[in-house]
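# What the coordinates show
Residue strings, one per chain:
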Amino acid sequence: MNPVDIVEPLRSRWSPSVFDATHELTDSEITRLLEAAQWAPSSGNRQPWRYLVAVRGNAAHEALVPHLSRGNSGWVPRASVVFISVAVVDTEDDEPGDPTYPLHDLGQASAHLTLQAKAMGLDAHQFAGFDHDAVGSALGVPANARVVAGIAVGVRGNPAEVSERDAEREHRVRSRRPLVETAYGDRWGAPWPGLAPSGPTTAEDSA
Ligand SMILES: Cc1cc2nc3c(=O)[nH]c(=O)nc-3n(C[C@H](O)[C@H](O)[C@H](O)COP(=O)(O)O)c2cc1C
């Protein structure tokens, strides 16, 4: 459990790599996750996010799995659902092709989805290690949209069923840069002087 004093489910969220390969989510549970993304804020309310929903056996899953990076090919297919996140970049009011706000908004919508998952007793692990172009073209993603990441969601599984490497990752120490290196005040690089003493910058997984 993260010892830092932030609210749930932010506090207990982390990215496990051992999912239960037999667990399935209902369509209505998956819909609820998508609704969490749907109600995220966005620039001009343009909602540039799209998600391809990959569940074991469907076309999106079959398009994704062969294109996962080696490090992701063991654990991602075990998740109950994988959302492939896509930003529509060429929206009418943006500078044509300017991805700034679409990428910001997609990331925020995805964050909401992962926190909804945690609140539903599920875990989520985002990943970028896959061939985005190959997956996008297999699934008909148009030229004005950019495949950005995957979000694997499911319940924790038995570490004995996965590779040693994936099982070990359950016990890694999570760490973060201290806030003095993140929050600036009078100028870039000068820590914001209001920073109160804050919690630890490392946390154990497997809570
Ligand atoms: C956009 C993005 C891409 C990521 N890519 C991968 C990946 O390809 N493989 C992986 O195992 N984890 C990936 N991660 C997970 C991060 O490594 C993880 O979130 C980070 O180490 C912090 O750990 P925590 O989520 O447990 O706090 C990714 C996360 C994000 C947000």
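Residues numbered from 1 in each chain as written. Predicted model: local features only at pLDDT ≥ 70, side-chain atom pairs only at ≥ 80, totals over all residues. Heavy atoms only, no water.

## A look at the domain arrangement of the protein chain
Domains assigned within the protein chain are domain 1 (27-170) and domain 2 (173-207). Centre-to-centre separation of domain 1 and domain 2, based on C-alpha positions: 27 Å. (Domains from an automatic or database assignment.)

## Description of the site of the ligand
Taken together, 14 residues are adjacent to the ligand, and Arg13, Ser15, Arg169, Arg174 and Arg176 come closest. Gly129 places a main-chain nitrogen or oxygen 3.0 Å from an oxygen atom of the ligand. Within the side chain of Arg174, an N or O atom sits 2.6 Å from an oxygen atom of the ligand. Here the ligand loses 64% of its free accessible area of 620 Å² to cover by the protein chains. Looking at the shell around the ligand, the element that brings in the most residues is strand β3 (residues 123-127), giving three residues. Each residue belonging to the shell around the ligand can be placed in one class, and the counts come to four nonpolar, five polar and five charged. (Near = heavy atom within 4 Å. Polar contact = N/O pair within 3.5 Å; in protein donor to acceptor, adjacent residues only side chain to side chain. Areas by Shrake-Rupley, 256 points an atom, 1.4 Å probe, with all protein chains shown as cover. Helix = DSSP H or I, 4+ residues; strand = E, 2+ residues; numbered from the N terminus. Nonpolar A, V, L, I, M, F, W, Y, C, P; charged D, E, K, R; others polar.)

## Remarks on the side chain of Ser12
Residue position: Ser12 is located in the segment before α1 (27-38). Assessed through its relative accessible area of 16%, Ser12 is described here as buried. A distance of 2.7 Å separates polar atoms of two side chains, one belonging to Ser12 and the other to Glu8. (Buried < 20%, exposed > 50% of the residue type's maximum accessible area, 1.4 Å probe, protein only.)

## Focus on a nonpolar patch on the surface
A cluster of nonpolar residues, Ile6, Val7 and Leu10, forms a patch on the protein surface that exposes about 250 Å² of accessible area. Following the sequence through the fold, Val7 ends up in the segment before α1. (Patch = residues over 30% accessible without salt bridge, like charges linked within 9 Å, V, L, I, M, F, W, Y side chains within 5 Å. Salt bridge = Lys/Arg side-chain N within 4 Å of Asp/Glu carboxyl O.)

## Some points on unusual backbone geometry
Of the consecutive residues Glu8 and Pro9, the connecting peptide bond is found in the cis state with omega at 0 degrees. Relative to the helices and strands, Pro9 resides in the segment before α1. You will see that Asn45, though not glycine, has its phi angle at about 55 degrees, which is positive. Tracing the backbone shows Asn45 in the loop between α1 and β1 (49-54). Of note in the backbone geometry, Gln47 takes a positive phi value of approximately 50 degrees without being a glycine. Tracing the backbone shows Gln47 in the loop between α1 and β1. We classify Gln47 as partly exposed; its relative accessible area is 30%.

## A short note on the side chain of Ser85
Residue placement: Ser85 occurs in strand β2 (residues 81-88). Taking the relative accessible area as the measure of exposure, Ser85 reaches 3% and is therefore buried. Here Ser85 is in contact with Arg50, Tyr51, Leu106, Ser110, Arg146, Val147, Val148 and Ala149, once residues within four sequence places are set aside. (Contact = heavy atoms within 4.5 Å.)

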